[in-house]
Amino acid sequence: MNIKRMFKVAGVFALGVTLSACQGQLSEKPPIHPNMNMDQQPRVEAQEENNFFADGRAMRQPVDGTVARGLAKTDLAYYEGIEENGDFIDYIPVDLTKSFLYRGKERYEIYCAPCHGQTGAGDGIIMEGNYGYVPAPSYHDQRVRELSDGELYSAIYNGVRTMPSYSTLVPVEDRWAIVAYIRALQESQNINEQEIREYPVDVDAMQAAFADKQARQDSIAAASTPEDAPEPTVDMGKEVITANGCAACHNEDGTPGGIGPTWAGLFGSEGEVITADGETITVTKDEDYIRESIVAPEAAKPVDYAQGVMASYSYLADHEIESIVLYIKNLSEN
Ligand code: HEC
Ligand code: HEC
């Protein structure tokens, strides 16, 4: 290599170092930006004003009827769990596989088990503490067993009564996986006697305990005509209150801060209530008032609980309501 050539190579090298090293130093001059591409051009910021449009806004609405890519949710059965006519579907519109069920189990245990319990018996950890939650029903109650797949889906998608929707946390496919898992849980708890006798458990003692409880509840709730209705008693009141989960919101020992007013000293007291018309009146809390609070809570709400969340229990039989009245009355008499 001759001397001239060496200088040339060294020169090119030095130029390269000089250009590539022009980074990181402070400079008063604007940066060199040889190829502008479209890096700088006229534009408007989000929310900016723009006189070009009649409404003065720079941001434009999408044309009516625009559907974002991937959001044309026309499959009602899959996305909403309903038929064209709005009825709930009674099938799971996704192929059931073992891994899908396990996915459902995993999601269920994250999002539902804290309230509904690991087996779906309504005994999740949140229900054990006295946190004032409305009790979650058991999936093994006949009523819930008979809900269609679409209704179970809807509980997650829309929420149900006091249970909020979980649709932002649980995407569509996972909702169906959870529905499938709830069905598996229901199967697991509905074992027949033949099968259960193959396990080492005292079936007869379990049956006797169950029959006992059932007989007690039946005598209270199942009286279909007023004639065979049992005589309301304070003890019956206690059973009805327990069966309906009133204690989730009410207490009997006067502790303040519950979701609903305490029952301690309620009977016979005077208090200001807001009527359904929004008037504030003072009432004496007698038997009629308690009855009304149970069947039509919106008719008169204590002023401190004007945002009342109590639902009507008008489905209770008369003797059940009377037994609650006796029970609450009894709290003030002792
Ligand atoms: C924060 C507690 C809580 C969580 C978490 C929760 N639920 Fe519930 N769920 C409830 C309560 C309370 C009710 C009863 C609502 C009522 O009757 O007002 C309920 C009712 C239901 C019902 C019965 C619907 C009916 O028609 O009676 C289903 C099914 C259900 N939940 C499914 C789910 C599923 C699936 C999940 C998980 C994605 C879930 N829930 C998460 C509290 C919860
Ligand atoms: C979800 C919570 C909740 C449940 C469950 C609930 N209540 Fe209430 N209850 C309230 C709230 C809140 C109020 C006050 C505002 C209103 O009436 O809605 C109230 C008001 C009452 C009152 C009037 C109290 C007063 O100081 O004037 C009675 C009586 C009553 N409830 C009985 C019952 C009975 C009996 C049950 C069960 C069958 C029950 N409640 C279940 C929340 C609940």
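To start, this report covers the structure provided alongside it. (Residues numbered from 1 in each chain as written. Chains lettered and ligands numbered in written order. Predicted model: local features only at pLDDT ≥ 70, side-chain atom pairs only at ≥ 80, totals over all residues. Heavy atoms only, no water.)

### Considerations on the site of ligand 1
Formally: Working definition: residue near molecule or strand if any one of its non-hydrogen atoms lies within 4 Å of it. Each polar contact in these results corresponds to two N or O atoms within 3.5 Å; when the atoms are within protein, one needs to be able to donate a hydrogen and the other to accept it, and residues that are neighboring in sequence are counted only if both atoms are side-chain atoms. Only runs of H or I of at least four residues qualify as helices and only runs of E of at least two qualify as strands under DSSP, and these elements are numbered from the N terminus. Residues are grouped as follows: Ala, Val, Leu, Ile, Met, Phe, Trp, Tyr, Cys and Pro are nonpolar; Asp, Glu, Lys and Arg are charged; all remaining types, including Gly, are polar.
Taken together, 22 residues sit near ligand 1, with Cys-112, Cys-115, His-116, Thr-162 and Met-163 positioned nearest. Between ligand 1 and the protein, one listed contact pairs a nitrogen atom with a side-chain N or O atom of His-116 at 2.8 Å. Within the side chain of Arg-161, one N or O atom sits 2.9 Å away from an oxygen atom of ligand 1. Per element, the largest residue contribution to the shell around ligand 1 is three residues, and it comes from helix α7 (residues 149-157). For the shell around ligand 1, a count of residues per class yields 18 nonpolar, two polar and two charged.

### Notes on the side chain of His-250
What counts, and what does not: Relative accessibility under 20% of the residue-type maximum defines a buried residue, over 50% an exposed one, and the middle range a partly exposed one, all with a 1.4 Å probe and only protein chains included. Residue contacts follow a heavy-atom distance rule, with two residues in contact if any of their heavy atoms lie within 4.5 Å.
Locating His-250 in the fold gives a position in the loop between α11 (234-243) and β1 (270-275). Looking at His-250, the relative accessible area reads 15%, which means it is buried. Within the structure, the side chain of His-250 is placed 2.7 Å from the backbone oxygen of Pro-261, a separation counted as a polar contact. A polar atom in the side chain of His-250 sits 3.3 Å from the side chain of Trp-263. His-250 has contacts with Gly-260, Pro-261, Trp-263 and Met-310, leaving out every residue within four places of it along the chain.

### Points about the site of ligand 2
Close contacts around ligand 2 come from 23 residues, with Cys-246, Cys-249, His-250, Tyr-289 and Met-310 the closest. Side-chain polar atom of His-250 to a nitrogen atom of ligand 2: 2.8 Å apart, as the coordinates give it. The separation between an oxygen atom of ligand 2 and a polar main-chain atom of Pro-297 is 3.5 Å. Taken together, the elements giving at least two residues each to the shell around ligand 2 come down to α12 (287-295) and β3 (300-302). Looking at the shell around ligand 2, the element that brings in the most residues is α12, giving three residues. Along the lines of polarity and charge, the residues of the shell around ligand 2 split into 16 nonpolar, five polar and two charged.

### Examining the packing of helix α3 (residues 98-111) against helix α8 (residues 172-188)
Keep this limit in mind: Whenever a helix is involved, its axis is fitted only over the stretch in contact; in every case the axis is a line through C-alpha atoms, and angles between N-to-C directions fall within 0 to 180 degrees. Here the angle decides the label: under 35 degrees means roughly parallel, over 145 means roughly antiparallel, 65 to 115 means roughly perpendicular, and every other value means oblique.
Running from amino to carboxyl end, α3 crosses α8 at an angle of 90°, the nearest separation of the two axes being 7 Å. With respect to each other, α3 and α8 are oriented roughly perpendicular. From α3, Phe-100, Leu-101, Arg-103, Gly-104, Lys-105, Arg-107, Tyr-108 and Glu-109 reach across to α8, where they touch Glu-173, Asp-174, Trp-176, Ala-177, Ile-178, Ala-180, Tyr-181, Ile-182, Ala-184 and Leu-185. Along the lines of polarity and charge, the residues of the contact of α3 with α8 split into eleven nonpolar, one polar and six charged.

This is a description of form; function is not addressed.
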